[in-house]
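Tertiary structure, described
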Amino acid sequence: MESKDDILKAGGTYNRAHKSVTADEFQHGVFFDPKDLAQVKYEMLRSVAKDGVSISDAAEKYGLSRQTYYISKNAVENQGLGGLIPQKRGPKGSHKLGVQAEEFIDRYMKEHPNANSAEINRELAKATGIQVHNRTVSRYMAKK
C-alpha cells in the first residue's frame, strides 16, 4: 500500500517545503496536511479572500511566495480548484521530429513496412539531413 506522501509525489502535489508552513491549522490535527501543496495553496487563497490576511503575510504563513499566490489565484479563477494541481511539465507532443521528418517516416513506413527504426533513421538523415536518436524514431513509429 502506498503512503500518502508517495501518492502526493506521484501526483505532483507533494510540498517539499512543508516545514516552512507555519499557519496554525496545519500545525495540529489530521485534516490539514502541510505536505499537500494543493491544500496549502487553497488555504493561502482562502485566508486572503475570507480572512482579510495580506498577501505577503499569507505567503509567509503558508511557506509560499507572493508569486505563487498570484499564479494560484489566477489558476483557480480560470480553472477552478483543478488549477491548483500541477500540469505535466515538459513538451506536450513530438518536439524532436518536425513535420518534415514525420512525413518522411510515414512515407517510408508505407513503402517499407518491415523497416526498423535504425534503417528509417539512416534514410531520414540521408534524405533530409535531420539527425535524431533511433529511440526518437522508434517512439514515433510506436505511436503509428
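So, a few notes on the structure that sits alongside this text.

**Let's talk about the overall build of the protein**
- Across its full length, the protein carries seven helices and zero strands.
- Walking the protein from its N terminus toward its C terminus, one meets helices and strands in the order α-α-α-α-α-α-α.
- A compact globule built from 144 residues would reach a C-alpha radius of gyration of about 15 Å, whereas the protein, at 24 Å, exceeds it by more than 25%.
- With the C-alpha coordinates aligned to their principal axes, the bounding extent of the protein is approximately 65 × 35 × 20 Å.
- Buried positions account for 33% of the 144 residues belonging to the protein.
- Across the protein, contacts joining residues at least 24 apart in sequence account for 43% of those joining residues at least 6 apart.

**Quick notes on the nonpolar core**
- Of all hydrophobic cores here, the largest spans 16 residues; its most connected members are Phe26, Val40, Met44, Ala58, Tyr62, Leu64 and Tyr69.
- Among the secondary structure elements, those contributing two or more residues to this core are helix H2 (37-51) and helix H3 (55-61).
- Counting residues per element, this core draws most heavily on H2, at six residues.
- When residues no more than four places from it in sequence are discounted, the contact partners of Phe26 are Val21, Phe32, Asp33, Pro34, Gln39, Val40, Glu43 and Tyr62.
- Ile120, Leu124, Val137 and Tyr140 belong to the second largest nonpolar core, which has 12 residues in total.

Reading guide: rules and limits
- Counting from 1, residues in each chain are numbered in the order their sequence is written.
- Where local features are concerned, this predicted model is filtered to residues with pLDDT of at least 70; where side-chain atom pairs are given and counted, the filter is 80 or more; whole-chain, interface and lining totals use all residues.
- Water and hydrogen atoms were dropped before computing side-chain values, which therefore reflect all heavy atoms in the structure.
- Counting from the N terminus, the helices are DSSP H or I runs at least four residues long and the strands are E runs at least two residues long.
- In this setup the radius of gyration rests on C-alpha atoms only. A globule is expected at 2.2 Å times the number of residues raised to 0.38.
- Between buried and exposed lies partly exposed: a residue is buried under 20% and exposed over 50% of the maximum accessible area for its type, with that area taken using a 1.4 Å probe on protein chains only.
- Any two residues whose heavy atoms approach within 4.5 Å are treated as being in contact.
- The term nonpolar core refers to a set of buried residues drawn from Ala, Val, Leu, Ile, Met, Phe, Trp, Tyr and Cys, joined through side-chain atoms within 4.5 Å.

These results come straight from atomic positions and should not be treated as a statement about function.
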